[in-house]
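Fold and geometry: a report
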Amino acid sequence: MDAVTTARRMMVEAVWKRQGLRNEELQAVMETVPRHLFVDSALAAKAYQDISLPIAAEQTISQPSMVAIMTNALAPRKGDKILEIGTGSGYQTAILAHYTPRLYTVERIAALSKRAQGLLEQLGFRNIIYKTGDGSLGWESWAPYDRIIVTAGAPVVPDKLKLQLAEGGRLLIPTGGRESQNLLCVDRVAGGFREDDLGECRFVPLLGKEGWEK
Ligand code: SAH
């Protein structure tokens, strides 16, 4: 096994231990995704530390433990139709792509979307549909979704996202202040919605009509 693969395994194992995660399928997936390719080559040496890192356009690639916690809580089932808001580097996208034949991902910054698409195509992902635009409004054309994940912080849960959930569907979204938020898990149940607070987190702001102003 080469050094990069070993470093990646060790990081994922450490995250699983520290967070007390039991999700072996997700662990195996995260052990295959080459995070060092999703950051600038100057930062590649730090890619297997459990920290968020800067990417282009003043955005960040999420911390691996947060990606693990969110994906675990999202609990995608094989075959689910998934919508991701905040493509960013494409790292979380690569992990989600494992679970679904149809992954839709929206990013407001064209350059980030383009870079992520180029890399993910190079890595062999063919089941991802990309859009540049305001994901705080969701992506109406393909709704409803079984799972929606937002990787930027919103002031409140956008109604449009809730309404694009299928019955039995689940939405994960950080909400609260501009600097720090709480991770909310919203389930669409018969006749309404149920919300769970999964604890504190820190994300860059979701900028848009149903998010923050610039
Ligand atoms: N999952 C990504 C996280 C990137 S940070 C990763 O790990 O790389 C959050 C991303 O959300 C940023 O790229 C930011 O540009 C994007 N974003 C912010 N507001 C948005 C909006 N309204 N619609 C779509 N993307 C948005």
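Residues numbered from 1 in each chain as written. Predicted model: local features only at pLDDT ≥ 70, side-chain atom pairs only at ≥ 80, totals over all residues. Heavy atoms only, no water.

1. Quick notes on the overall build of the protein chain
Across its full length, the protein chain carries six helices and nine strands. A compact globule built from 214 residues would reach a C-alpha radius of gyration of about 17 Å, and the protein chain, at 16 Å, matches this within 12%. Here the protein chain holds 214 residues, and the buried ones make up 51% of them. Surface accessibility of the protein chain: about 10200 Å² in total, with carbon and sulfur atoms responsible for 50%. (Helix = DSSP H or I, 4+ residues; strand = E, 2+ residues; numbered from the N terminus. Rg over C-alpha atoms; globule rule 2.2 N^0.38 Å. Buried < 20%, exposed > 50% of the residue type's maximum accessible area, 1.4 Å probe, protein only. Areas by Shrake-Rupley, 256 points an atom, 1.4 Å probe, with all protein chains shown as cover.)

2. Details of the site of the ligand
Near the ligand lie 25 residues; those nearest to it are Ser89, Glu107, Asp134, Gly135 and Leu207. The contact in question runs from a nitrogen atom of the ligand to an N or O atom on the backbone of glycine 86, over 3.4 Å. In this structure, serine 89 approaches the ligand through a side-chain N or O atom, which is 2.6 Å from an oxygen atom. Against a free-state accessible area of 580 Å², the protein chains account for coverage of 99% of the ligand. The pocket occupied by the ligand, as judged from atoms lying within 2 Å of grid points, is the largest pocket. (Near = heavy atom within 4 Å. Polar contact = N/O pair within 3.5 Å; in protein donor to acceptor, adjacent residues only side chain to side chain. 1 Å grid on protein atoms, 1.4 Å probe; cavity = no way out; pocket = protein on both sides within 12 Å on 5 of 7 lines; lining within 4 Å. Sits in = over half its atoms within 2 Å of the grid points.)

3. Focus on the pairing of strand S3 (residues 81-85)
Burial analysis of S3 places five of its five residues in the buried class, which makes it a mostly covered element. Side-chain alternation along S3 places Lys81, Leu83 and Ile85 on one buried face and Ile82 and Glu84 on a second face that is also buried. With five bridges connecting them, S3 and strand S4 (residues 102-107) associate as parallel partners. Bridge pairing in S4 places isoleucine 85 opposite valine 106. Regarding topology, helix H4 (residues 91-97) serves as the crossover connection from S3 to the parallel S4, and that connection is right-handed. Note: S3 against strand S6 (residues 145-150), four bridges, orientation parallel. Note that in S6 the partner of leucine 83 across the bridge is isoleucine 148. (Pairing = 2+ DSSP bridges. Right-handed = clockwise from strand over helix to strand, strands pointing away.)

4. Observations regarding the packing of helix H1 (residues 3-19) against helix H2 (residues 24-32)
For the pair H1 and H2, the least separation of the axes is 9 Å and the interaxial angle reads 150°. When the axes of H1 and H2 are compared, the pair comes out roughly antiparallel. Pair H1 / H2 crosses with right-handed handedness. Mapping the contact onto sequence places Arg8, Arg9, Val12, Glu13 and Trp16 in H1 and Leu26, Gln27, Met30, Glu31 and Thr32 in H2. Across the contact of H1 with H2, the residue classes tally to four nonpolar, two polar and four charged. (Axes fitted to C-alpha atoms, helices over the stretch in contact; angles between N-to-C directions. Parallel < 35°, antiparallel > 145°, perpendicular 65-115°, else oblique. Left-handed = near helix turned anticlockwise from the far one by under 90°. Contact = heavy atoms within 4.5 Å. Nonpolar A, V, L, I, M, F, W, Y, C, P; charged D, E, K, R; others polar.)

5. A look at the layout of surface pockets
Within this model, the largest pocket holds a volume of roughly 610 Å³. Those elements that provide at least two residues to the lining of the largest pocket are strand S2 (60-61), helix H3 (64-74), S3, H4, S4 and strand S9 (192-201). Residue composition of the lining of the largest pocket, grouped by class: 14 nonpolar, 15 polar and seven charged. (Points joined across faces, edges and corners; volume = space filled by probe spheres on them.)

6. Focus on the side chain of glutamate 84
Inspection of the secondary structure assignment puts glutamate 84 in strand S3. Here glutamate 84 occupies a buried position and makes no salt bridge, while the nearest side chain of opposite charge, arginine 35, is found at 12 Å. Engagement of the side chain of glutamate 84 in a polar contact is seen with the side chain of threonine 105, the distance being 2.7 Å. Setting aside residues up to four positions removed in sequence, glutamate 84 forms contacts with Gln92, Thr93, Leu96, Tyr104, Thr105, Val106 and Ile149. (Lys, Arg positive; Asp, Glu negative; His and termini not counted. Salt bridge = Lys/Arg side-chain N within 4 Å of Asp/Glu carboxyl O.)

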